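Each chain, written out:
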Amino acid sequence: MNEAIRHIRTISKRELISYFSSPVAYVFIVIFLILCGFFTLNIGRFFESNQATLAAFFFYLPWLYLFLVPAIGMRLWSEERRMGTMELLLTMPVTSWRAILGKFLASWLFLALALVLTFPLVITVNYLGDPDNGMIVSGYVGGILLSGGFLAVGSMTSALTRNQVVSFILSVIICLFLILAGFAPVTEMLEDKVPWLIDLVSSFSVMTHYYGMQRGVINLRDVIFFLSLIVFALFCTGVIIRSHRA
Amino acid sequence: MINVDNLTKSFGSKVAVDNVSFNVERGEVLGFLGPNGAGKSTTMRMVTGYFPPNDGSVVIGGFNMVENALEARRLMGYLPENGPLYADMTVYNFLDFAAELRGFSGIEKRKAIHRVVEMCFLESVLHQSIDTLSKGYRHRTCFAQAVIHDPDILIMDEPTDGLDPNQKHEIRMLIKRMGENKAIIFSTHILEEVEAACSRVIIIDRGKIVANGTPAELKGRSPIAGAVRLRVGSHALEQIKEQLSPLPGVRRLEAFKDEAGRELLRVFPQKETGDGELASLISETAKKSDWRIEELHTEEGRLDEVFRDITISDTE
């Protein structure tokens, strides 16, 4: 077990070194922060609303993640396959689940770091007014879980192909489905046509489970949903990687 | 140390490796030879556990590659084809990564890295990003990761591919030296490499082993092996032919021209003629007849001829 943790840490460390020794990491963080600011302050009409809240930020976050997380996830395994380093990695004395988990955790940590770097927004609302900081913390927890879920989907689609563009598009489509299944306009439409299906469909949506955290409620059920989404997608990643070699 | 038994692998309906068995013991360097697409890489990928075989087994130092993959992999180092690397890392970071996965930490890790850096002459590029390196350095970096834990078993897929002649020589000498106390398998399609570094050769063609022996044994299969090559400056070929053909031990004579256009004679021995007998017989005749011999040489046979004989080119 000890060895497994050491291996996962080593693989994560390597992944992070790769991120930060190429411009990818910096470009991503800058774009992410600019978009966060833009959506919260301009589109979200932060100043006009005259309320000390980050509700707009957390409202737009899933839509930002829809495009930005697959951009991080798409290279996870397709790059390894294209460069041939997958052969190197998987013939080391490590099991493939350690490699999958190590790479996933590194990217997740990176996404969490990018999210934490939006802290000036938190300082701003606290300076301007008296926001509910518990709600903000729970929103951040939701954001991290959401990015983990999308990233795990990205890990799965990147294992499918050595072409990063294909991987990106596939994972955007899957993530879009995960959002839309619980998105108000879609659920309202379903309510009219097939009311009996609505609970089932929306229970698959990240939005249903993210909603509570956006409102300041961290529900164990919602946390479990995101964790099972991650576990399931990573498990699929493992199956896909194994099937490539068989 | 490496026991490969009835290994079979097919991709769809195409059988890539068909019932391949061989053993490699400590102190042996096995050269894996074959035309492109013969199944060399696939076999090596199964030996290293990257591909699971459809049938058969790989046992490394007593550990089965399917059941005890981690233990088996710990014993071996692997240099995959084309030497893949994480291009955005520095050489040092990459070797540090490999050492950590091999279980090194602290001072031991630094020692292991230092050892391979010295062995592979990587000192001058140690903190350079891998994607700025020349092919030779990249290849040596990948080689360094394969031997960082000083493994008992070393598997290399075309270790000299893309290197210049000096680097090729360097790697061959390294393989030969390491082969004294390790079990090594390497694949190549360069025949001189096999003669220079291998203690045993396996030739594989269309997934099957078609020859297995020492380089000398394989060369002995060549049709010209044992024949004597003769060049005489003073007499006409016809005259020499006339004198030699009645000799006991001579089966056949063949005149040919070498690359420089000089006329030579190849004398083929009878089956029962011993090693070197024919050459001494010819030199005695030459002495008696006062020939001026410019070249007299017993052929060992040529590996490339044997190779062409027993494998089938995909261009035919």
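Conventions and cut-offs
- Residues numbered from 1 in each chain as written.
- Chains lettered and ligands numbered in written order.
- Predicted model: local features only at pLDDT ≥ 70, side-chain atom pairs only at ≥ 80, totals over all residues.
- Heavy atoms only, no water.
- Helix = DSSP H or I, 4+ residues; strand = E, 2+ residues; numbered from the N terminus.
- Rg over C-alpha atoms; globule rule 2.2 N^0.38 Å.
- Buried < 20%, exposed > 50% of the residue type's maximum accessible area, 1.4 Å probe, protein only.
- Contact = heavy atoms within 4.5 Å.
- Areas by Shrake-Rupley, 256 points an atom, 1.4 Å probe, with all protein chains shown as cover.
- Lys, Arg positive; Asp, Glu negative; His and termini not counted.
- Charge placed at Lys NZ, Arg CZ, Asp CG, Glu CD.
- Expected span 1.5 Å × (residues − 1).
- Buried area = accessible area lost by both parts, 1.4 Å probe.
- Salt bridge = Lys/Arg side-chain N within 4 Å of Asp/Glu carboxyl O.
- Pairing = 2+ DSSP bridges.
- Axes fitted to C-alpha atoms, helices over the stretch in contact; angles between N-to-C directions.
- Core = buried A, V, L, I, M, F, W, Y, C linked by side-chain atoms within 4.5 Å.
- Domains from an automatic or database assignment.
- Phe/Tyr/Trp six-rings, centres within 6.5 Å; stacked < 30°, edge-to-face > 60°.
- Lys NZ or Arg CZ within 6 Å of the ring centre and 35° of its normal.

Brief notes about the overall build of chain A
So, point 1. Looking only at helices and strands, one finds 14 helices and zero strands in chain A.
So, point 2. Its helices and strands in sequence order give chain A the pattern α-α-α-α-α-α-α-α-α-α-α-α-α-α, from N to C terminus.
So, point 3. Taking 18 Å as the expected radius of gyration for a compact globule of 246 residues, we find that chain A reaches 19 Å, a close match to that expectation.
So, point 4. For the C-alpha atoms alone, the extent of chain A along its principal axes is close to 60 × 45 × 35 Å.
So, point 5. Taken over 246 residues, chain A has a buried fraction of 52%.
So, point 6. Put simply, of all contacts in chain A between residues at least 6 apart along the chain, 77% involve residues at least 24 apart.
So, point 7. Only carbon and sulfur atoms are counted for the fraction: they give 71% of the accessible area of chain A, which is about 11,400 Å².
So, point 8. On chain A, the mean spot of the 16 positive side-chain charges and the mean spot of the 13 negative ones are 14 Å from each other.

Description of the side chain of Gln214(A)
Residues and elements named next belong to chain A.
So, point 1. By the secondary structure assignment, Gln 214 is in helix H13 (residues 206-214).
So, point 2. Residue Gln 214 is classed as buried on the basis of its relative accessible area, which comes to 12%.
So, point 3. Ignoring any residue separated from it by four or fewer positions in sequence, one finds Gln 214 in contact with Phe 58, Phe 59 and Met 135.

Digging into helix H10 (residues 277-289) of chain B
All names here are of chain B.
So, point 1. With 13 residues, H10 ought to run about 18 Å at 1.5 Å a step, and its terminal C-alpha atoms sit 19 Å apart, in line with that.
So, point 2. Buried residues along H10 sit in contact with strand S11 (228-232), helix H9 (237-244), strand S12 (250-257), strand S13 (263-269) and strand S14 (293-298).
So, point 3. Two residues or fewer after H10 comes Asp 290, characterised by a positive phi angle close to 65°.

Observations regarding the interface of chain B and chain A
So, point 1. Chain B puts 29 residues into the contact, and the matching count from chain A is 28 residues.
So, point 2. The contact between chain B and chain A buries some 2,800 Å² in all, and 61% of this surface belongs to carbon and sulfur atoms.
So, point 3. The three residues of chain B that bury the most area against chain A are Tyr50(B), Tyr86(B) and Leu101(B), which together make up 28% of that side's buried surface.
So, point 4. At the boundary of chain B and chain A, one finds five salt bridges.

Points about the sheet that holds strand S5 (residues 63-64) of chain B
Residue and element names in this part refer to chain B.
So, point 1. Spatially, the four strands line up as an open sheet ordered S2-S1-S4-S5, and their pairing is antiparallel. Two strands in the sheet have a free side with no partner beyond their single neighbour: strand S2 (14-24) and S5.
So, point 2. Pairing analysis gives seven bridges linking strand S1 (residues 2-11) to S2, with the strands arranged antiparallel. Bridge pairing links Phe 11 to Lys 14 in S2.
So, point 3. Contacting S1, S2 and strand S4 (55-60), helix H1 (residues 40-47) runs over the sheet at an angle of about 120° to S1.

Observations regarding the nonpolar core
So, point 1. Counting residues in hydrophobic clusters, the biggest one holds 145 residues, and the most contacted among them are Val206(A) and Leu95(B).
So, point 2. Those residues in contact with Val206(A) that lie beyond four places of it in its chain are Leu146(A), Phe150(A), Leu178(A), Ile179(A), Phe225(A), Phe226(A) and Leu229(A).
So, point 3. Ranked by size, the runner-up nonpolar core spans 15 residues in total, among them Leu253(B), Val267(B), Leu278(B) and Ile282(B).

Brief notes about the domain arrangement of chain B
So, point 1. Looking at the assigned domains, one finds that chain B contains domain 1 (2-220) and domain 2 (228-299).
So, point 2. Taking only C-alpha atoms, the centre of domain 1 of chain B and the centre of domain 2 of chain B are 44 Å apart.

Side note on the packing of aromatic side chains
So, point 1. Within this structure, the stated rule accounts for 19 aromatic pairs over all chains.
So, point 2. Geometrically, the ring pair formed by Phe104(A) and Trp108(A) is tilted, given 5.4 Å between the ring centres and 40° between the ring planes. Here Phe104(A) and its partner Trp108(A) are both found in helix H7 (residues 96-116), four residues apart, which amounts to about one turn of the helix.
So, point 3. For the pair Tyr86(B) and Phe94(B), a centre-to-centre distance of 6.4 Å together with 55° between the ring planes defines the contact as tilted. Grouping residues by exposure puts Tyr86(B) and Phe94(B) together as buried.
So, point 4. Three or more aromatic residues joined by ring pairs form one cluster here, namely Tyr19(A), Phe20(A), Tyr26(A), Phe28(A), Phe32(A), Tyr65(A) and Phe110(A).
So, point 5. Note that Arg14(A) overlies the ring of Tyr86(B), its terminal NZ or CZ placed 3.5 Å from the centroid.
So, point 6. Stacked on the ring of Phe97(B), the Lys or Arg Arg14(A) has its end atom at 5.8 Å from the ring centre.

A word on the sheet that holds strand S9 (residues 200-205) of chain B
All names here are of chain B.
So, point 1. The mixed open sheet is built from six strands, whose spatial order is S6-S7-S8-S3-S9-S10. Sheet topology places strand S6 (76-79) and strand S10 (208-213) at the edges, where each strand pairs with a single neighbour. Strand-to-strand, the axes of this sheet are offset by a mean angle of 15°, without reference to chain direction.
So, point 2. Taken together, the five bridges between strand S7 (residues 153-157) and strand S8 (residues 183-188) define a ladder with parallel strand orientation. From the neighbouring strand, Ile 153 faces S8, where its bridge partner is Ala 183.
So, point 3. Along the sheet, helix H5 (residues 135-146) contacts S6 and S7; its crossing angle with S6, the most-contacted strand, is approximately 165°.
So, point 4. Of the strands in this sheet, strand S3 (29-33), S9 and S10 are in contact with helix H11 (residues 303-310), which crosses S9 at around 30°.

Section: the pairing of S10(B)
So, point 1. Here five bridges tie S9(B) to S10(B), and the two strands are oriented antiparallel to one another. What sits directly across from Ile203(B), in S10(B), is Ala211(B).

Things to note about the pattern of salt bridges
So, point 1. Scanning all chains against the criterion turns up 24 salt bridges over all chains.
So, point 2. The salt bridge involving Glu80(A) is made with Arg14(A); its shortest N-O contact spans 3.9 Å. Here Arg14(A) lies in helix H1 (residues 2-21) and Glu80(A) lies in helix H5 (residues 75-83), a separation of 66 residues in the sequence. Here Glu80(A) matches Arg14(A) in class, with each residue buried.
So, point 3. One salt bridge in this structure joins Arg229(B) and Glu295(B), with 2.6 Å as the shortest N-O distance. Here Arg229(B), found in strand S11, pairs with Glu295(B), found in strand S14; they are 66 residues apart in sequence, far enough to count as distant.
So, point 4. Owing to a relative accessible area of 19%, Glu295(B) belongs among the buried residues under this scheme.

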